[in-house]
Amino acid sequence: MDVQNTGGADPSRRRAQGELEAQVLSALGRAPGPVTAGWVQEHIGGGIAYTTVMTILTRLQAKGAVARERVGRSFQWTPVADEAGLAAWRMRRVLDAESDRQAVLASFVTTLSPRDEQLLRELLAQAPEDGED
Amino acid sequence: MGVFVFLPLVLPLTAWPVARLAEQHLHPRTATWLLTGVAAVLAVCSTLCLALLMVVGTAQLPGNPLPDGWSDPEVREAVPYDEVAGKAAIPALLAVITSCWSAAWRHRRVRKASGRALRGLPTRSVAVLPDGMPYAYALPGGRRDRIVVSTGMLAALSSRERRALFAHERAHLAGQHHRFLLAVQLAARANPFLRPLRSAVTYTAERWADEDAARAVGSRRTVAVAIGRAALISRGSPLATLASLAAAGPVPRRVAALLGPAPHAHRWPSLFTAVGLATWGAAAGTTVSALSSANSAVTLFFILHAATPL
């Protein structure tokens with residue numbers, strides 16, 4: 001997280017950033033093709049500053065959600081992921097952050113030990129089939 | 001108060017037999033309620049007694065802010081081994097508070113972060129995220145309960161099994177299972193002797209959702225197969241308090257339970273069975289714990305009241 005740009009870890013501010021990312025992505029999704037940051041700024045409305053739009057676009061690029069190419073003196077932006085893709089990316093970060101930190105996780109991951117797995121396969125093999133669809 | 005002040009610290013041991021037997025012999029819903037209730041009462045009593053011991057211990061420390069009369073011999077006589085017990089209670093209580101606070105904070109943080117991750121998506125009750133990694137979670141959010149499931153998970157299941165998956169997660173949300181899980185999580189941190197109850201409730205809450213899902217889709221076998229498939233392709237749940245389909249509790253036991261006969265919903269065990277004895281043992285232990293801590297609190301209140309110069 002680039003703290004300089006967001007002005008600290010104020011939660012309300014962070015939430016606003018999350019919403020802005022979604023707005024910027026949906027604006028890019030409606031764009032006829034690659035567009036400039038100025039175009040995005042016009043189409044998301046709400047009087048968002050140009051520098052803020054640039055910050056959001058740069059962050060989205062770091063997440064692999066948008067791509068940019070240089071055209072003349074400015075960049076043109078295109079969406080790579082849609083909003084669901086971005087949500088998946090953020091969700092994955094939440095899950096990964098937790099699995100790194102928590103020792104409790106180790107037990108969960110090993111819940112299915114090789115023996116458990118064997119047992120489970122046997123149980124499933126015994127379960128009588130009833131009409132799959 | 002005498003030795004009574006120490007009893008609630010060890011009485012959680014009386015709940016161990018029922019924590020072991022409940023999962024096989026009681027309906028999962030009954031077991032979850034029973035074990036969570038017992039764990040919550042025992043944890044509160046144990047923490048209260050720790051606090052009483054800490055007051056006596058703190059009063060002995062030089063330069064403490066408590067009234068001078070609180071370190072009088074009459075007060076110290078109320079606690080056996082007051083020198084050691086009083087001083088040991090101070091770090092113990094601090095550890096309990098820190099640990100519970102960090103668990104509650106982490107629970108809140110993960111829920112908020114998950115909610116934030118889904119911002120911008122249509123506000124439907126199911127959020128399908130394009131991710132090859134298989135996962136499915138029930139995210140409680142007050143009015144905005146949501147099920148998060150990855151395309152990787154859906155791809156591995158047949159349509160009947162998907163219905164079982166959604167029914168399972170909906171059962172978690174409808175039954176507010178996250179509250180039970182958080183309660184036992186905090187209880188286990190308040191008194192380490194309550195840890196077996198935490199593992200038991202983590203399992204019975206999953207079983208409860210399994211049984212509800214089986215009723216909703218009308219086939220216990222479908223739910224069993226869905227759990228088995230999901231477990232074989234999944235990795236674990238990142239968080240004990242976020243209920244997940246395949247992660248918590250030994251999966252083979254859940255599958256085996258579903259392939260066996262359905263549990264009886266409304267039957268309390270008779271006193272003359274092992275689980276009956278264990279249940280009543282835990283109930284007795286919980287009652288004694290509550291009485292002991294109440295007795296200790298009242299006694300200490302009057303002793304301190306008498307020792308405080310007015």
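Residues numbered from 1 in each chain as written. Chains lettered and ligands numbered in written order. Predicted model: local features only at pLDDT ≥ 70, side-chain atom pairs only at ≥ 80, totals over all residues.

### A closer look at the overall build of chain B
Test applied: Runs of H or I in DSSP of at least four residues are treated as helices and runs of E of at least two as strands, each being numbered from the N terminus. Two residues qualify as being in contact provided that their C-beta atoms, derived from the backbone, are within 7 Å of each other.
If you tally the helices and strands in chain B, you get 12 helices and 3 strands. If one aligns the C-alpha atoms of chain B with their principal axes, the spans along those axes are about 75 × 50 × 30 Å. Summarising the internal contacts of chain B: among those between residues at least 6 apart in sequence, 74% fall at separations of at least 24.

### Regarding the overall build of chain A
The test is simple: Counting other C-beta atoms within 10 Å of a residue's own tells you its class, since 20 or more makes it buried, 12 or fewer makes it exposed, and anything in between is partly exposed; those C-beta atoms are placed from the backbone.
Helices and strands together make up the secondary structure of chain A, namely 7 helices and 2 strands. Listed by position from the N terminus, the elements making up chain A come as α-α-α-α-β-β-α-α-α. When each of the 133 residues of chain A is scored for burial, the buried share is 24%. Excluding contacts between residues fewer than 6 apart, the proportion of contacts in chain A whose partners are at least 24 apart in sequence is 44%.

### Some remarks on the environment of Gln17(A)
For Gln17(A), the position within the fold is in helix H2 (residues 11-30). Linking Gln17(A) and Thr52(A), residues 35 residues apart in sequence, is a C-alpha distance of 9.4 Å.

### A word on the packing of helix H3 (residues 28-60) of chain B against helix H5 (residues 82-117) of chain B
Residues and elements named next belong to chain B. Going by this rule: In this analysis an axis means a line fitted to C-alpha atoms, helices contributing only their contacting stretch, and an angle means the value between N-to-C directions, from 0 to 180 degrees. If an angle is under 35 degrees, it is roughly parallel; if it is over 145, roughly antiparallel; if it lies from 65 to 115, roughly perpendicular; otherwise it is oblique. Two helices that cross are described as forming a left-handed crossing if the nearer one is turned anticlockwise from the farther one by less than a right angle, and a right-handed crossing if clockwise.
At a minimum axis separation of 7 Å, H3 and H5 run at an interaxial angle of 125°. It follows from the interaxial angle that H3 and H5 lie oblique. Here H3 and H5 pass one another in a crossing that is left-handed. On H5, the residues touching Thr 47, Leu 50, Ala 51, Leu 53, Met 54, Val 56, Gly 57, Thr 58 and Gln 60 of H3 are Asp 82, Ala 85, Gly 86, Lys 87, Ala 89, Ile 90, Ala 92, Leu 93 and Val 96.

### What to know about the pairing of strand E1 (residues 66-71) of chain A
Residue and element names in this part refer to chain A. The condition that has to hold: Strand pairing is defined by DSSP finding a minimum of two bridges between the two strands.
Sheet analysis places E1 next to strand E2 (residues 74-79), joined by 6 bridges and oriented antiparallel. Its bridge partner lying in E2, Glu 69 is registered against Gln 76. A loop of 2 residues connects E1 with E2, the two strands running antiparallel in sequence, and Gly 72 in this loop sits at a positive phi of about 65°.

### Things to note about the packing of helix H7 (residues 159-174) of chain B against helix H9 (residues 195-217) of chain B
Residue and element names in this part refer to chain B. For clarity, the threshold we go by: Under the grouping applied here, Gly and all other residues not named as nonpolar or charged are polar, the nonpolar ones being Ala, Val, Leu, Ile, Met, Phe, Trp, Tyr, Cys and Pro and the charged ones Asp, Glu, Lys and Arg.
In contact at an axis separation of 8 Å, H7 and H9 are set at 130° when each is read in the N-to-C sense. With respect to each other, H7 and H9 are oriented oblique. Every pair of crossing elements has a handedness; the one defined by H7 and H9 is right-handed. Contacts between H7 and H9 involve Arg 160, Arg 163, Ala 164, Ala 167, His 168, Ala 171 and His 172 from the first element and Ala 209, Asp 210, Asp 212, Ala 213, Ala 216 and Val 217 from the second. Residue classes in the contact of H7 with H9 are distributed as 7 nonpolar, 2 polar and 4 charged.

### Points about the confidence of the model for chain A
Detailed reading of the predicted model is not advised wherever pLDDT is low. Residue and element names in this part refer to chain A. Using the following cut-off: Across the chain, each position has a pLDDT score giving the predictor's confidence in that residue, from 0 to 100.
Looking at chain A as a whole, the pLDDT averages 73, with 71% of positions reaching at least 70. In the predicted structure, residues 1-9 sits below a pLDDT of 50 and forms 9 contacts with residues beyond four places in sequence or in another chain. Segment residues 100-110 is flagged for pLDDT under 50; beyond a separation of four residues in sequence, or across chains, it makes 10 contacts in the model.

### Examining unusual backbone geometry
The phi torsion at Gln176(B) lies on the positive side, around 50°, for a residue other than glycine. Within the secondary structure, Gln176(B) is located in the loop between H7 and helix H8 (177-190).

### What to know about the pairing of strand E1 (residues 126-129) of chain B
Residues and elements named next belong to chain B. Judged by which residues are buried, E1 turns out to be one-sided: Ala 127 and Leu 129 face inward and are buried, whereas Val 126 and Val 128, on the alternate face, are not. The sheet contact formed by E1 and strand E3 (residues 146-150) spans 4 bridges and is parallel. In the sheet register, Val 126 faces E3, and the bridge partner there is Ile 147.

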